[in-house]
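Summary of the model geometry
As a plain string of letters, each chain reads:
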Amino acid sequence: QLQLVESGGGLVQPGGSLRLSCVLSGSTLANYAIGWFRQAPGKERHGVSGISKDGSTKAYEDFAKGRFTISRNNAENTVYLQMNNLKTEDTAVYYCAAHSGTWATTDPTQYEYWGQGIRVTVST
């Protein structure tokens, strides 16, 4: 069974950085486009970033542009989300997800497989 496991979350002060990792097992990462999503308490889950199968195209929601960077290492079956200059409004549970299409997207309805999520808290 395909599984996605996030790591790298935690508590960070405003202006700090975190790098989230998403490891795929049970299949080959190169066969999937990957997305990052987040959900704050009491709010709907929404997209953060997406990356195509080969990493040639990337998608970012506006709040992530210039601060967040998505990347992938298919040989290690791992996708990363580097988050810089974090703000309190970035506090959420972050999820990685996979779909079998080729194009980068932040549309959650396109994704078939989801990780359990990892908590990110940005606070003084």
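As a reminder, the structure under discussion sits directly above these lines.
Here's a quick rundown of the structure. Keep in mind the model is a prediction, meaning the values are calculated, not measured. (Residues numbered from 1 in each chain as written. Predicted model: local features only at pLDDT ≥ 70, side-chain atom pairs only at ≥ 80, totals over all residues. Heavy atoms only, no water.)

**Digging into the environment of Gln 39**
- Inspection of the secondary structure puts Gln 39 in strand S4 (residues 33-39).
- Residues Gln 39 and Thr 121, 82 residues apart in the sequence, show an inter-C-alpha distance of 12 Å.
- Here Gln 39 is in contact with Glu 44, Arg 45, Ala 92, Val 93 and Tyr 95, once residues within four sequence places are set aside.
- At 3.0 Å, the side chain of Gln 39 forms a polar contact with the backbone oxygen of Lys 43. (Helix = DSSP H or I, 4+ residues; strand = E, 2+ residues; numbered from the N terminus. Contact = heavy atoms within 4.5 Å. Polar contact = N/O pair within 3.5 Å; in protein donor to acceptor, adjacent residues only side chain to side chain.)

**With respect to the state of the cysteines**
- In the structure shown here, the tally under the stated rule is one disulfide.
- Put simply, Cys 22 and Cys 96 are joined by a disulfide, and their sulfur atoms are 2.0 Å apart. Judged by the sign of its S-S torsion, about 65 degrees, the cystine formed by Cys 22 and Cys 96 is right-handed. With Cys 22 in strand S3 (residues 18-25) and Cys 96 in strand S9 (residues 92-99), the pair connects residues that are 74 residues apart, well separated along the chain.
- Relative accessible area serves as the criterion here: at 2%, Cys 22 is assigned to the buried category. (Disulfide = S-S within 2.5 Å. Buried < 20%, exposed > 50% of the residue type's maximum accessible area, 1.4 Å probe, protein only.)

**Digging into the packing of aromatic side chains**
- Taken as a whole, this structure holds five aromatic pairs when the rule is applied.
- For the ring pair Tyr 32 and Tyr 113, a centre distance of 6.0 Å and an interplane angle of 90 degrees mean the geometry is edge-to-face. A residue pair is termed long-range when its members are at least 10 positions apart, and Tyr 32 in the loop between S3 and S4 and Tyr 113 in strand S10 (residues 113-114) qualify at 81 residues.
- Seen in terms of ring centroids, Phe 63 and Phe 68 are 6.3 Å apart; in terms of plane orientation they differ by 90 degrees. Their pairing is edge-to-face.
- An aromatic cluster of three or more residues is present, and its members are Phe 37, Tyr 111 and Trp 114.
- Positioned above the aromatic ring of Trp 114, the side-chain terminus of Arg 45 is 4.0 Å from the ring centre. (Phe/Tyr/Trp six-rings, centres within 6.5 Å; stacked < 30°, edge-to-face > 60°. Lys NZ or Arg CZ within 6 Å of the ring centre and 35° of its normal.)

**With respect to the pairing of strand S11 (residues 118-122)**
- Burial along S11 is one-sided: the residues Ile 118, Val 120 and Val 122 are buried and none of Arg 119 and Thr 121 is.
- Relative to S11, S9 runs antiparallel, the two being bridged by three bridges. In the sheet register, Val 93 faces S11, and the bridge partner there is Arg 119. (Pairing = 2+ DSSP bridges.)

**Looking at the nonpolar core**
- Core analysis: the biggest nonpolar cluster contains 27 residues, and Leu 20, Trp 36, Phe 68, Val 79, Leu 81, Met 83 and Tyr 94 have the highest contact counts within it.
- Of all the secondary structure elements, the ones that give two or more residues to this core are S3, S4, strand S5 (46-51), strand S7 (68-73), strand S8 (78-83), S9 and S11.
- Leave out the neighbours within four places in its chain, and Leu 81 touches Leu 18, Arg 19, Leu 20, Trp 36, Val 48, Ser 49, Phe 68, Thr 69, Ile 70 and Tyr 94. (Core = buried A, V, L, I, M, F, W, Y, C linked by side-chain atoms within 4.5 Å.)

**Considerations on the side chain of His 99**
- Within the secondary structure, His 99 sits in strand S9.
- Side-chain polar atoms of His 99 contact the backbone nitrogen of Gly 101, separated by 2.9 Å.
- Polar side-chain contacts of His 99 include one of 3.4 Å to the backbone oxygen of Trp 103.
- Apart from residues no more than four positions distant in its own chain, His 99 is found in contact with Asn 31, Tyr 32, Ala 33, Thr 105, Gln 110, Tyr 111 and Glu 112.

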